[in-house]
Amino acid sequence: MPGMAANPSIFEYIQLPEDRFVIHTLEWQLPRPKETISDYAKRMTEFITHSDVVLIGVSFGGVLVQEMAKHIPLKKLIIISSVKSKSELPRRMKLSRKLKLYKILPTRLIEDVDKLAKYAFGETVKDRVALYQKYLSMNDRHYMSWAVKEMVCWDQETPSKDIIHIHGDADRVFPIRYINNCIIVPGGSHIMVITKYKWFNKNLPQLIEND
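Attention in this report is confined to the structure presented alongside it. Being a predicted model, the structure only gives us computed values, none of them experimental.

**Side note on the pairing of strand β2 (residues 76-80)**
- Of all 5 residues in β2, 5 are buried; the element is thus mostly enclosed.
- Residues K76, I78 and I80 of β2 are buried on one face, and the alternating residues L77 and I79, pointing to the opposite face, are buried as well.
- Inspection of the sheet shows strand β1 (residues 54-58) paired to β2 by 5 bridges, in the parallel sense. Each residue of the ladder has a partner; that of L55, found in β2, is L77.
- In this structure, β2 lies alongside strand β3 (residues 164-168), joined through 3 bridges in parallel fashion. Counted as the bridge partner of I78 is I164 from β3.

In structure tokens, the structure reads:
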């Protein structure tokens, strides 16, 4: 599951042994009016038709797969560049929740792809706007309002059991200093699923298959 506003192309460089794994990507759907993230997650499980499933989610997609895991049996649950509970959210998101700043943020994100890139990827470079446009395709205003609110207001207190958390020590969206019990990828930014794909191609199979 890709991150907020992102499409499955963020996984384009992830390659797992085809004799052992079949990769299926999930895409963001438009949320229904007043739909909770729990209800949304339950609806997303309808797109999973296989058994022996390993759910992998990036950033806000990592939050979503944790909610999905509450509705279906899994072999493994893996999150990348994400958080396991509300205590791992950075202070700016906690402040946004307290002051309800999330109500005004989505409009700014939709109108400025550079701001959206900074919020979703943790970095912004003017000459990479085309790259951001490639990966960030869900720019519906209703979706963004829902996603930002559900991210900053996520209320999970206890991490999912046996969850595998992979995190970069250069992540600016979810700084490593707030993160506990994770596998650290040196130099990994918030978009390391793209920039550090070789690390994932090397290590994911073992993480998935090890008991």
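**Considerations on the environment of D162**
- You can see D162 is positioned in the loop between α7 (141-152) and β3.
- Measuring from C-alpha to C-alpha, the distance between D162 and K76 comes to 8.0 Å, with 86 residues separating the pair along the chain.

Conventions used here
Sequence positions are assigned chain by chain, starting from 1 and proceeding in written order. Local features in this predicted model are restricted to residues of pLDDT 70 or higher, and side-chain atom pairs are both shown and tallied only at a pLDDT of 80 or more, whereas totals for entire chains, interfaces and linings draw on every residue. With hydrogens and water stripped out, all remaining heavy atoms of the structure feed into the side-chain values. Each residue is placed in one exposure class: buried if its accessible area under a 1.4 Å probe, protein chains only, is under 20% of its type's maximum, exposed if it is over 50%, and partly exposed if it falls in between. Note on conventions: DSSP H or I runs of at least 4 residues are helices, E runs of at least 2 residues are strands, and numbering of each starts at the N terminus. Only strands joined by at least two bridges in the DSSP assignment are considered to pair.

Note that every value here comes from positions in space, so none of it alone points to a role or purpose.
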